[in-house]
Amino acid sequence: MVNRRLLLWAGALLLAAGFGALGRWQLHRGAEKQAMLDAAAAILRDKRALPLSEAQGRDRHGYDWVSAHGRLLAAPVLLLDNQRRGDAVGVHVLAVLRPREGRPQLVDFGWLQVPGDRVMPQPQLPAGEI
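A quick note: this is a predicted structure, and the numbers were derived from the prediction, not measured. (Residues numbered from 1 in each chain as written. Predicted model: local features only at pLDDT ≥ 70, side-chain atom pairs only at ≥ 80, totals over all residues. Heavy atoms only, no water.)

A. Focus on unusual backbone geometry. A positive phi angle is found at asparagine 82, which is not glycine, with a value near 65°. Looking at the secondary structure, you find asparagine 82 in strand S3 (residues 70-85). A residue is classified by how much of its surface remains accessible, and asparagine 82, at 56% relative accessible area, is exposed. The backbone of arginine 118 sits at a positive phi, close to 65°, despite the residue not being glycine. Here arginine 118 lies in the segment after strand S5 (105-113). (Helix = DSSP H or I, 4+ residues; strand = E, 2+ residues; numbered from the N terminus. Buried < 20%, exposed > 50% of the residue type's maximum accessible area, 1.4 Å probe, protein only.)

B. The sheet that holds S5, seen in detail. Ordered by their spatial adjacency, 3 strands build an open sheet running S3-S4-S5, and the pairing between neighbours is antiparallel. At either end of the open sheet lies a strand with only one pairing partner, and these are S3 and S5. Taking each pair of neighbouring strands and ignoring which way they run, the sheet shows an average axis angle of 25°. The sheet contact formed by strand S4 (residues 88-99) and S5 spans 7 bridges and is antiparallel. Bridge pairing in S5 links leucine 97 to glutamine 105. (Pairing = 2+ DSSP bridges. Axes fitted to C-alpha atoms, helices over the stretch in contact; angles between N-to-C directions.)

As structure tokens, then:
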């Protein structure tokens, strides 16, 4: 009886320690996400666009503001689901750009709200050379 009670307490302590570790991980994850958003905002404020081929040739991780000319591939258009804006839920619209120079690039066309019935939006992307 004593051994069983001791095992239950040890299991409860291990479970509490595991949940504490998960909470700490979640806090660090939130800090990393905020740092990523801050880095992206700094690039957007700078607004000095690099040619896409130059940005692709750089050996660095992070964000760049780039300019390119090319055509969007008709498929696939990717919808990144479960993206929140305050209380609203939506999707980020992503498509592949085949530039005149350089490698194909995934382009974010922004956020669209998803209605309560969860019918996915059908984004209209630009046709022809962009």
